Amino acid sequence: MSENLNRVDAYLPFLIEIRRRILTIFLVFSIAAIVGVVFYEKIVLLFIYLLDLKGATLIFTSPFEYMNLSFNCVAVVGVIVTLPLMIGQLVNFFRPALTDREFKTFKNVIPLSFVLFLAGFAVGFIMMKYVGVLSYNTSLKLGVGNYLNISNLLSTVLVTSALMGLAFQFPIVFIFLIRFKVISYKFVQGKRLFAYIGALVFSSLMPPTDILSLILLTIPLVILYECVLLFTKNYQ
């Protein structure tokens, strides 16, 4: 019994530290969420402007759909704001187990991670915009009316863009795993087919269900995988 209590006491400081960091992240996310709620309409108008769907009729099919749309806006704002904090908290938590060089390397990754997230978000948004414009132009050629559910449209765009931003984090993970000899370069290189399939499966799990979106969202992930192999070639 006393041995178990000693084990709990040994891990208690770490649990308290984890709790403190989680509460910090939650607090920042909550503040970002409040900002998202306050500026919800401006965020929606901005995305409508950027999608540039001139001539399309945007509609709500339910009086409650704006709640779903506002929730997605809040979630995206929260993720964008808290992502660098989450990575920073994780790095600082493992600081005692890292050498000065490793800690410096991990710390320098935080800005890169944020840039990659924004890049992935932008890629996802541009892909969705392309599909939307293509669909609209096709409907014009066929003489078919184009009514778009604004809630479904923007929710799909926001969720897909955010997921692409998160997917753009995987090069950092692989580079560190290879750099610190957790996995070998040849191992990653030998799993090219599985990586391609994984990228395809990940893209298929995102909101768009059409083949064109699946292909457009898979290509950037495949390119990122090849970039990882290129940048880590000297570590083999």
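For the structure itself, look to the data block above.
Residues numbered from 1 in each chain as written. Predicted model: local features only at pLDDT ≥ 70, side-chain atom pairs only at ≥ 80, totals over all residues. Heavy atoms only, no water.

A. Region of interest: the overall build of the protein chain. A count of helices and strands for the protein chain gives 9 helices and 2 strands. Listing every helix and strand of the protein chain by position from the N terminus yields α-α-β-α-α-β-α-α-α-α-α. When its C-alpha atoms are laid out on the principal axes, the protein chain stretches across 75 × 45 × 35 Å. In the protein chain, which comprises 236 residues, the share counted as buried stands at 34%. Looking at the protein chain alone, contacts between residues at least 24 apart form 85% of all its contacts between residues at least 6 apart. As presented, the protein chain carries roughly 14600 Å² of accessible surface, and 72% of it is formed by carbon and sulfur atoms. A gap of 10 Å separates the mean positions of the 18 positive and 10 negative side-chain charges of the protein chain. (Helix = DSSP H or I, 4+ residues; strand = E, 2+ residues; numbered from the N terminus. Buried < 20%, exposed > 50% of the residue type's maximum accessible area, 1.4 Å probe, protein only. Contact = heavy atoms within 4.5 Å. Areas by Shrake-Rupley, 256 points an atom, 1.4 Å probe, with all protein chains shown as cover. Lys, Arg positive; Asp, Glu negative; His and termini not counted. Charge placed at Lys NZ, Arg CZ, Asp CG, Glu CD.)

B. Examining the pattern of salt bridges more closely. All chains considered together, the criterion is met by 1 salt bridge. Residues Arg 192 and Glu 226 are paired through a salt bridge, measuring 2.9 Å at the closest nitrogen-oxygen approach. In this pair, Arg 192 sits in helix α8 (residues 192-204) while Glu 226 sits in helix α9 (residues 211-231), placing the two residues 34 residues apart along the sequence. A relative accessible area of 29% means that Arg 192 is categorised as partly exposed. (Salt bridge = Lys/Arg side-chain N within 4 Å of Asp/Glu carboxyl O.)

C. Looking closely at the packing of aromatic side chains. Using the criterion set out here, one finds 5 aromatic pairs in the structure. Here the aromatic residues Phe 47, Phe 117, Phe 121 and Phe 125 are joined through ring pairs into a cluster of three or more. (Phe/Tyr/Trp six-rings, centres within 6.5 Å; stacked < 30°, edge-to-face > 60°.)

D. Fine view of α9. Between its first and last C-alpha atoms α9 spans 31 Å; for 21 residues at 1.5 Å apiece the expected length is 30 Å, and the two agree. Listed in full, the buried residues belonging to α9 are Ser 213, Leu 216, Leu 217, Thr 218, Pro 220, Leu 221, Leu 224, Tyr 225, Val 228 and Leu 229. (Expected span 1.5 Å × (residues − 1).)

E. Molecular detail of the nonpolar core. Ranked by size, the top nonpolar core spans 50 residues in total, and within it Phe 47, Phe 121, Leu 154 and Leu 221 carry the most contacts. For this core, the secondary structure elements donating two or more residues are α2 (40-51), α3 (65-93), α4 (100-142), α5 (150-167), α6 (170-179), α7 (185-190) and α9. Sorting elements by how many residues they give to this core places α4 first, with 11 residues. (Core = buried A, V, L, I, M, F, W, Y, C linked by side-chain atoms within 4.5 Å.)

F. Fine view of the packing of α4 against α9. Where α4 meets α9, the closest approach of the two axes is 10 Å, and the angle between their N-to-C directions is 155°. Here α9 runs roughly antiparallel to α4, going by the angle between their axes. α9 is crossed by α4, and the crossing has right-handed handedness. Where α4 approaches α9, its residues Val 123, Gly 124, Met 127, Met 128, Tyr 130, Val 131 and Leu 134 are matched on the opposing element by Leu 212, Ser 213, Leu 216, Leu 217 and Pro 220. A breakdown of the residues in the contact of α4 with α9 according to their chemical character gives 10 nonpolar, 2 polar and no charged. (Axes fitted to C-alpha atoms, helices over the stretch in contact; angles between N-to-C directions. Parallel < 35°, antiparallel > 145°, perpendicular 65-115°, else oblique. Left-handed = near helix turned anticlockwise from the far one by under 90°. Nonpolar A, V, L, I, M, F, W, Y, C, P; charged D, E, K, R; others polar.)

G. Representation of the side chain of Thr 160 in the model. Along the polypeptide, Thr 160 turns up in helix α5. For Thr 160, a relative accessible area of 0% puts it in the buried group. Side-chain polar atoms of Thr 160 contact the backbone oxygen of Thr 156, separated by 2.7 Å. (Polar contact = N/O pair within 3.5 Å; in protein donor to acceptor, adjacent residues only side chain to side chain.)

H. Quick look at the environment of Val 159. Within the fold, Val 159 resides in helix α5. The spatial distance from the C-alpha of Val 159 to the C-alpha of Val 37 is 17 Å, given a sequence separation of 122 residues. Excluding its chain neighbours within four sequence positions, the residues that come into contact with Val 159 are Asn 72 and Pro 207.

I. Looking closely at the packing of α2 against α5. Relative orientation of the contacting elements α2 and α5 amounts to 85°, with a least axis distance of 11 Å. With respect to α5, the axis of α2 lies roughly perpendicular. Where α2 approaches α5, its residues Val 44, Phe 47, Ile 48 and Leu 51 are matched on the opposing element by Ile 150, Leu 153, Leu 154, Val 157 and Leu 158. Partitioning the contact of α2 with α5 into residue classes produces 9 nonpolar, no polar and no charged.

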